[in-house]
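Residue-level listing of the chains:
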Amino acid sequence: MKLYWIIIFFFIGTLMGSFYTVVGLRSGKKENFITGRSHCDNCNHKLGILDLIPIFSYIFLKGKCRYCHEK
């Protein structure tokens, strides 16, 4: 039962951490973080749903954009 809670808190933590990172980065650029879509900072391609999964997408894409292959 303890492992169950660890997994739940880890999942919630990664989602919240990802959201707060987006808020922080977009606030500095004066972009709207509520209605704006996530995009690559290099090629400005809008990211798909599979690109937005914290940790897993970073591991599978090796920290690079799926479209322009830049870090």
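Please read all numbers here as calculations on a predicted model, not as lab measurements.

Visitor: Looking at this structure, I do not really get the pattern of salt bridges. What am I missing?
Guide: Opposite charge on two side chains lets them pair, provided their charged atoms get close. Counted by the stated rule, this structure contains two salt bridges. Ionic pairing is found between K29 and D41, a salt bridge with its closest N-O pair at 3.2 Å. Remark: D41 occurs in the loop between α1 (2-28) and α2 (56-61) and K29 occurs in the loop between α1 and α2; sequence separation between them is twelve residues. Residues R66 and D51 are paired through a salt bridge, measuring 2.7 Å at the closest nitrogen-oxygen approach. Of the two residues, R66 sits in the segment after α2 while D51 sits in the loop between α1 and α2, which places them 15 residues apart along the sequence.

Visitor: Explain the packing of aromatic side chains to me, please; I cannot follow it from the model alone.
Guide: Any two aromatic rings considered together are summarised by their centre-to-centre distance and by the angle between their planes. All told, the structure shown has three aromatic pairs when counted by the stated rule. Ring plane angle 55° and centroid distance 5.8 Å describe the contact between F19 and Y20, whose orientation is recorded as tilted. Taken together, the aromatic side chains of Y4, W5 and F9 make up a single cluster linked through ring pairs.

Visitor: Quick question: what am I supposed to make of the environment of W5 here?
Guide: Locating W5 in the fold gives a position in helix α1. Along the chain, W5 and G36 lie 31 residues apart, while their C-alpha atoms are 32 Å from each other.

Visitor: Honestly, α1 in this entry has me stumped. Any pointers?
Guide: Residues lying three or four places apart along an α-helix face the same way, a consequence of the helix completing one turn every 3.6 residues. Taking 1.5 Å per residue as the helical rise, α1 with its 27 residues ought to reach 39 Å, and the 39 Å between its terminal C-alpha atoms agrees with that figure. By the burial criterion, the buried members of α1 are T14, V23 and R26. With its phi angle positive at about 60°, K30 sits one or two positions after the end of α1.

Reading the values: rules and limits
- Residues numbered from 1 in each chain as written.
- Predicted model: local features only at pLDDT ≥ 70, side-chain atom pairs only at ≥ 80, totals over all residues.
- Heavy atoms only, no water.
- Salt bridge = Lys/Arg side-chain N within 4 Å of Asp/Glu carboxyl O.
- Helix = DSSP H or I, 4+ residues; strand = E, 2+ residues; numbered from the N terminus.
- Phe/Tyr/Trp six-rings, centres within 6.5 Å; stacked < 30°, edge-to-face > 60°.
- Expected span 1.5 Å × (residues − 1).
- Buried < 20%, exposed > 50% of the residue type's maximum accessible area, 1.4 Å probe, protein only.

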